[in-house]
Amino acid sequence: MPAISRDTLSLPRITLAPGAVDRPVRAVTSAPSALEGEGFPVRRAFAGVSLADLDPFVHMDQMGEVDYGPGEPKGTAWHPHRGFETVTYIIDGIFEHQDSNGGGGVITNGDTQWMTAGAGILHIEKPPEHLVMSGGLFHGIQLWVNLPAEKKWSPPRYQDIRSREAKLLTSIDGGALVRVIAGEVAGYSGPGVTHTPITLIHATLSPGARLVLPWRTDFNGLVYVLAGRGSVGPGRQPVESGQLAVYGPGGALGLAAGERQDSNAPNLDALILGGQPIREPVVHYGPFVMNTREEIIQALTDYQAGRLGQVPAEQMPHRHEGDADLSET
């Protein structure tokens, strides 16, 4: 996804209100690698960061970037969720989703699937069969957005957001392509409908470009580097691929791309996100995010009793629903 094209310069420019305070960077962490689902590689973007700094987010995986050989692409088995929302954003490649509430579809470059688990749901995510046979490039993000206690029992909901629906903006210098997937920035809104107030942006900056976004003072602020290198905050703290920057308070959020980039990552690609903290107790166990231990036990009981949904008849589950191994994604 290139940062600059002939069309970029005609996009709306992001401007700041006078006197907006640039947020300082409180910490930069590096994401460790792991294997998820049936064995696809991920980087745990939020590892080592306190839930207080992440709130209202709980978990985020960078899936890939990996160039699979034939027969290598992998996904997840059927598994449950309760108490939060999953946001799956595909940068490169193809992914299929199906859930027990009737939601589902195929997403590819720049598409997003937004699933509200709410009171409970089963779902599966996997590459299509033709991609398994051929192999190919795969790169994406899955983000978990917490729900406040009053909305944890909401009915499940599914949103299919096509790449063309994202609101496209650019920086003052024209060197950044900003895709607003959800929430609002500089008066422009993305298509994602959220229970919890958040902003989710994918930005691509050309070498040397700088991006400063107006940012709600009641939101936290996070930047995760998907590829490339650059700097964050007014102190220009260095960051590179696989690192997360946690910002302090203020009304503006800034990042910049390094003048020199590697040939395999010619631009700075970053996910920019923030939300209104819920400030409630969080008890997280596998695919359940609740407020108390008792609610986690109830979720396990309900799942094993089939009350979180049933696998559609035309699909065969990869494992029995009573098995103890619950996938995180």
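A short tour of the structure in this document, coming up. The structure displayed is predicted, hence computed values, not measured ones.

Thresholds applied
The written sequence of each chain sets the order in which its residues are numbered from 1. Only residues with pLDDT of at least 70 are given local features in this predicted model, and only at 80 or more are side-chain atom pairs given and counted; all residues enter the totals for whole chains, interfaces and linings. Hydrogens and water molecules were not included; the side-chain quantities draw on all heavy atoms of the structure. Here a strand is any run of E in DSSP of at least two residues, a helix any run of H or I of at least four, and the numbering for each starts at the N terminus. How far a helix is expected to stretch is found by multiplying one less than its residue total by 1.5 Å. Note on exposure labels: buried denotes an accessible area under 20% of the residue type's maximum, exposed denotes more than 50%, and partly exposed covers the range between, all computed with a 1.4 Å probe on protein chains only. In this description, one arc is meant: the one made by directions from the helix axis to the C-beta atoms. In what follows, residue pairs with any heavy atoms lying within 4.5 Å of each other are defined as contacts. Between 30 and 60 degrees the pair is tilted, below 30 it is stacked and above 60 it is edge-to-face, where a pair is any two Phe, Tyr or Trp rings, Trp via its six-membered ring, whose centres lie within 6.5 Å. Only strands that DSSP links by at least two bridges are regarded as paired with each other. Axes here refer to lines fitted to C-alpha atoms; in helices the fit is confined to the stretch in contact. Angles between the N-to-C directions go from 0 to 180 degrees.

Attention shifts here to helix α3 (residues 293-304). When the terminal C-alpha atoms of α3 are compared, their 17 Å separation across 12 residues agrees well with the 16 Å that a helix rising 1.5 Å per residue should span. Within the sequence span of α3, burial applies to I296, A299, D302 and Y303. Taken end-on, α3 shows its buried residues confined to a sector of 125°, consistent with a single buried face. Turned more than 90 degrees away from the buried face of α3 sit R293, E294 and Q304, all of them exposed. On its buried side, α3 packs onto β5 (79-81), β10 (121-126), β25 (283-285) and β26 (288-290). Trailing α3 by a residue or two, G306 shows a phi angle of about 80°, which is positive.

By the secondary structure assignment, S10 is in the segment before β1 (25-30). The exposure class of S10 is exposed, given its relative accessible area of 61%. Along the backbone, S10 and G174 are 164 residues apart, and their C-alpha atoms lie at a distance of 8.9 Å.

Once that is clear, we can look at the packing of aromatic side chains. Following the criterion strictly, the structure yields two aromatic pairs and no others. A centroid spacing of 5.0 Å and a plane angle of 45° characterise the contact between F95 and F138, whose relative ring orientation is tilted. Here F95 is found in strand β7 (residues 95-99), whereas its partner F138 is found in strand β11 (residues 136-146), with 43 residues between them in sequence. For F95, a relative accessible area of 2% corresponds to the buried category.

The subject of this paragraph is the sheet that holds β5. Taken together, the four strands give an open sheet; going across it, the order is β5-β10-β7-β8, and neighbouring strands pair in antiparallel fashion. For this open sheet the edge positions go to β5 and β8 (104-107), each flanked by a neighbour on one side alone. Recorded for the sheet is a direction-independent mean angle of 25° between the axes of neighbouring strands. Of the pairings in the sheet, the one linking β7 to β8 comprises four bridges and is antiparallel in character. Bridge pairing links H97 to G105 in β8.

A separate point is the sheet that holds strand β9 (residues 112-116). With antiparallel pairing, the seven strands of this open sheet are ordered in space as β2-β3-β4-β11-β6-β9-β12. Each edge of the open sheet is held by one strand with a lone partner, namely β2 (33-36) and β12 (157-161). For this sheet, the mean inter-axis angle between neighbouring strands, taken without regard to orientation, is 20°. The pairing of β9 with β12 spans five bridges and is classified as antiparallel.

Just distances and angles here, no functional claims.
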